[in-house]
Amino acid sequence: MCLLTDSAMKNAPDCRRFTCAPSSIGSPAPSDRGTETGLTTGRVLGALGLAAAGFLVLRAAERNRLQPQKQADRSRRADAAIQMGRASSLLAGSVFADSAMEHLRGGYHRRAMYVAPAMAGATLAASTSSRARLSRRNADLRDGIYLAGIATGLTGLGFHLWNISKRPGGATRMNNFFYAAPIGAPGALVASGLYGLAAGRLVRAPQMTSRQEGRLVGSMTALNILATSAEAGLLHFRSAFQNPVMFLPVIAPPAAAVALAAAVARPGRQMIKIARAACGTTVATGLAGAAFHVWGVHRMHGGWHNWRQNLLAGPPIAAPPSFAGLGLAGLGALDLLEMEAQP
Amino acid sequence: MTDSFDPPYPNYDILRKWDSPSYNQITRDVLTERLTAVPQRQFLDEQEWRLLQAICDQLVPQPERTDPVPITPFIDAALTENRTNGTRFAGIPAMREAWRKGLAAIRAEAMAQHDTDFVSLDAHRQEALLHRINDGDAEPAHWDGMPAQRFFRSVLLKEVLAIYYAHPAAQSEIGFGGPAAPRGYVRMGADRMDPWEAPADRRNR
Amino acid sequence: MPLVEHLSPRAIAGRAPDVFRHGGWVPMREYGDDEEVDFTIVGTGAGGGTLAAKLAEAGFSVVALDAGPFWRPLEDFASDERHQDKLYWLDERISEGNDPIELGGNNSGRSVGGSTVHYQMVALRFRPEWFRSRTTLGYGHDWPVDWRRMWECYAEVEDALKISGPLTYPWGPKRGRYPYREHELNASAEVLARGCEELGVDWSACPTATVSARRGLSPHCVYRGFCKIGCATNAKQSTLNTFIPRALAAGAEIRDLSMVTRVETGADGRATGVVYQRDGQVRRQRARHVVVAGYSIETPRLLLNSASPKHPDGLANSSGLVGRALMVHTNHAVWGRFQEEIRWYKGPPSLAVCEHWNYADDEKDFFGGYAYMSQGPLPTDFAKTLAESEGIFGTELRRRMADYNHMAGLKIVGETMPQERNRVELADETDRYGVPLARVTYSMCENDRQLADHSLEFMRNALSAAGGQELFQSGGTAHLMGGCRMGFSREDSVVDGDGRSWDVGNLWICDGSLFPTGGGVNPSMTIMALAVHIADRIKTLAGQDAL
């Protein structure tokens, strides 16, 4: 692995990343990737996550000061870790706000419904914690939180399926997929936990090659994007795609998933570049989606004046940022894949 | 009449939502008029008015209310304006005449059975008398060809209920959501309610 | 509530109310009374309003008159049952027969947009066999329109109203996907669904004419539940906010508060225009064609009142069938109390439907069919039902009404047989316009009773299977159909399959009075589909110079 990494190092023009990395700790650094312009707002949203991940990078850099030939490598992995951390934060933030709202709509009639926003909040805290230390104990604690988040997501999935099944007609009726508990939503919490775990792995001693890591995260992200897109598609179909812009999340993110999958299969520079652009678009889609949903609430009857109804009955503002999180995860995966990309 | 009404939503009042998005302007205007501009007697004479009030007290008794929902004034107002409801069943004359005739017949029923005015009867006797008409046992001689049960149910009782249950106090007592525009409802399932609805039925809590 | 005679016309001076904006206006083309327009249409409801839009869009000059006011739902519709009585035809009509029907708010609208302004938005199609019920099912009369043609017209209407319906409909031949998705079921609809699941019959989310997502200026339905007394959000897709704006945009003139009292005919017996009253003035509108679209009471009443030496028994009445074979839907219902709170005031009242008994021919021993829907009556509506069917008042009624939030109910739209003894005639007494009052005679037949009894038994089982207790039932009727039926010859009908009078070549009828049979579903979609059909036929005939 070291050999591969070293040779990639020599070929790659990415040494600047090493110099960039520390500067990104305190404040968002200007991106040198044009396709990431949409990240500006993402950085604001993920600022805490960035800081936390930055700390980890700094610690990692300090620790490995004696091994300068590996520092660049490590910091690029750390770069990817930053993206994973942000992805985890954005997803957790989205789940936190969305599940809090949707379960409020459900009246929290089961105590278990508090668990989703609570665990999403814990995951968010873990992935953005500014007090992050690289101590074994803290790392384990955070992993524990991520695992609990994953378990919560999976349990939620079960609960939501059960909720569908107990309605009249159960899984044979589209009405239940449209209006009962959404099956896809808890998956975002699972994804958040997985990216959190991945971020942690990336700043520790590598257990597999970067290519393997990149492929693993890249494939997972492609699938997550497709699942999230399917969910958005279902709900936008429920709303009859009444505004053409509602087709965006069923076009742009799946394209990114395909590009990402292609990059995973063949991590060539060109393909990575394309996938990077596609993932950037997915981030932008997620952020624009939140803005569109804000507008959508305004367009509901009574608009923001009737916010108590329309925040719940209108388009969910907190849901689209999931796409931004997944886009960032995709970018992170591409960082890892790029380390081995062939010219 | 011995047992009184036990409200399931004792502290709920749809008027508390007055300034919320549940009320639009026209609803506020309509209810303001209904609540503040209770019509004065115009069409009925004083005797008819008192009789009708006594009847309304039997049809919708409100012993627990210090400020009962007014019903007679709105019937009188509708008659003053000569309002109609789109249906005149065979044997029932035009609205104004039907009401005059119906009230006279009920007075006559009371006189015939108890040798006194309906208003002077005790509540039990008043109720029993109205039940007889409702059950189709009125004395046709007093009704001058008008079908008594049809008048009682399709004209009198319907109008009384339409006025009573259009009143916010009556709607609050049954836990109805009340005015709802522009704001409607979000939670549609059984036992699910929005914060701006009546809280759960206390009998279920 | 304002009395209709105290209102002033709004659609004047080259503009008409914009139904989508507070105080808004849209430009409106106007025609002089002496200007002979291509079509003058009497009534702007499901039939007349739809036809006005289609004809204006086809380039005809159109003046459509309505006796009712032109509302702006956003500012005119209150959340109040009593106030909203202003949507109904409250002028007196005399109701007789063995089973005299309730008119007024029960089945008759008086607004631009007609009864669609207060309809419950249940958007069902007729069963194909009903268009040939005599031939295939052995009762009633065949329709002079093929069901496949009607199927095309239904599709057009459903798209025009963006009907929110299920992806697949369990009964009848395959139909295209509804333009908008079905609504979430409310608790009341879930009761219907559970009952069906328990009894092993199919159910469906009800195709509904209120949008489940934004549509242009119509916002997503807010589930306020006052649908039956006028939608104050414009989510409901009525003629008032769909076809009427289209008609205005295409150059039609809509005259509100214009009560047509007579169709005038010339020496040759052909229609020359209409006499109407607006703002206290008697006026005449000349027209090459007159379309009567006043629904099953007012259409016969107007035709009968338009008698002339050439038409001594009333206009278009050589068959003697004008006003005959009036039909209603039986509206029997079973109600029950549930332990949980249903709160049926939320959402459109009928979000679930069971059409099983419209299609299951082998399992029943009566003619015709019925659909039943979940219910959500508003307080005064339900109080009246309770008092009438249970014969109670006083404290007992108040106590029963206290269970309002625990109630659920199933109610049928039950087909009745066309009987010629059920009819609309002119009474001796006249109204404030000087027009004789309508006298409506209605009696159920044995088959009607059998159907109602069957439905009550089935719904009792369904409701108690769903958990309902303390069941009680109610009767009543809804909707009007027939009175000027369409048919195959001048002997068997008032008009032909194009809605054109057999007697008067430039007189047309376009409303629910055309129905030869009533079907077991709410009639609005079928009336609109007929209007689409008639408009298309008029276009075709005009192209062939056969108008």
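Okay, so let's go over this structure. Everything numeric here is computed off the predicted structure, so don't read it as measured data.

### Describing the pairing of strand β18 (residues 423–430) of chain C
All names here are of chain C.
Step number 1: Sheet topology note: the β18/strand β19 (residues 436–441) ladder contains 5 bridges and is antiparallel. Counted as the bridge partner of Leu426 is Ala438 from β19.
Step number 2: Linking two consecutive strands that pair antiparallel, namely β18 and β19, is a turn of 5 residues; a positive phi of about 85° is found at Gly434 within it.

### What about the packing of aromatic side chains?
Step number 1: Considering all chains together, one arrives at 36 aromatic pairs over all chains under this definition.
Step number 2: Taken together, a centroid distance of 5.0 Å and an interplanar angle of 80° make the contact between C:Phe131 and C:Trp143 edge-to-face. Here C:Trp143 lies in the loop between α3 (133–137) and α4 (147–160) and C:Phe131 lies in the loop between β5 (94–96) and α3, a separation of 12 residues in the sequence. There is no split in this pair, since C:Phe131 and C:Trp143 are both buried.
Step number 3: Through successive ring pairs, a cluster of aromatic residues spans B:Phe176, B:Tyr185, C:Phe226, C:Trp335, C:Trp344, C:Tyr345, C:Phe382, C:Tyr404 and C:Phe472.
Step number 4: Over the ring of C:Phe472 we find C:Arg400; its NZ or CZ atom is 5.2 Å from the centre of that ring.

### A closer look at the interface of chain C and chain A
Step number 1: Across the contact, 27 residues belong to chain C and 19 residues belong to chain A.
Step number 2: Interface area lost by chain C to chain A is led by C:Arg181, C:Glu184 and C:Arg214, which between them contribute 30%.
Step number 3: Where chain C meets chain A, there are 2 salt bridges.
Step number 4: When the shortest N-O distance is used, the salt bridge between A:Arg105 and C:Glu184 registers 3.6 Å.
Step number 5: Taken together, the links from chain C to chain A amount to 8 residue pairs in polar contact (both at pLDDT 80 or more).
Step number 6: Elements with a contribution of two residues or more to the side of chain C that touches chain A: β7 (180–181), α5 (187–199) and β8 (204–205) of chain C.
Step number 7: Examining the composition of the side of chain C that touches chain A, we find that 4 residues originate from one element, α5(C), more than from any other.
Step number 8: In terms of residue class, the side of chain C that touches chain A is made up of 12 nonpolar, 6 polar and 9 charged.

### A short note on the side chain of C:Ser133
All names here are of chain C.
Step number 1: Its location among the elements puts Ser133 in helix α3.
Step number 2: Among the residues examined, Ser133 registers a relative accessible area of 0% and is labelled buried.
Step number 3: Beyond its immediate chain neighbours, meaning those up to four positions away, Ser133 contacts Gly138, Tyr139, Gly140, His141, Asp142 and Thr517.

### Quick notes on the interface of chain C and chain B
Step number 1: The partner chain B presents 76 residues to the 67 residues of chain C that form the contact.
Step number 2: Between chain C and chain B, roughly 5800 Å² of surface is buried when both sides are summed, and carbon and sulfur atoms account for 53% of that area.
Step number 3: If you sort the residues of chain C by the area they bury against chain B, C:Arg82, C:Phe393 and C:Arg398 come out on top, with a joint share of 17%.
Step number 4: Counting every contact that joins chain C to chain B gives 11 salt bridges.
Step number 5: Those elements that place two or more of their residues in the side of chain C that touches chain B are α2 (73–76), β5, α9 (379–390) and α10 (395–401) of chain C.
Step number 6: Take the side of chain C that touches chain B: its biggest share by element is 6 residues, from α9(C).
Step number 7: Considering only residue class, the side of chain C that touches chain B consists of 31 nonpolar, 13 polar and 23 charged.
Step number 8: Summarising the sheet, strand β1 (residues 88–89) of chain B and β5(C) pair through 2 bridges and their orientation is parallel. Directly across from B:Phe89, in β5(C), lies its bridge partner C:Ser95.

About the thresholds
Residues numbered from 1 in each chain as written. Chains lettered and ligands numbered in written order. Predicted model: local features only at pLDDT ≥ 70, side-chain atom pairs only at ≥ 80, totals over all residues. Heavy atoms only, no water. Pairing = 2+ DSSP bridges. Helix = DSSP H or I, 4+ residues; strand = E, 2+ residues; numbered from the N terminus. Phe/Tyr/Trp six-rings, centres within 6.5 Å; stacked < 30°, edge-to-face > 60°. Buried < 20%, exposed > 50% of the residue type's maximum accessible area, 1.4 Å probe, protein only. Lys NZ or Arg CZ within 6 Å of the ring centre and 35° of its normal. Contact = heavy atoms within 4.5 Å. Buried area = accessible area lost by both parts, 1.4 Å probe. Salt bridge = Lys/Arg side-chain N within 4 Å of Asp/Glu carboxyl O. Polar contact = N/O pair within 3.5 Å; in protein donor to acceptor, adjacent residues only side chain to side chain. Nonpolar A, V, L, I, M, F, W, Y, C, P; charged D, E, K, R; others polar.

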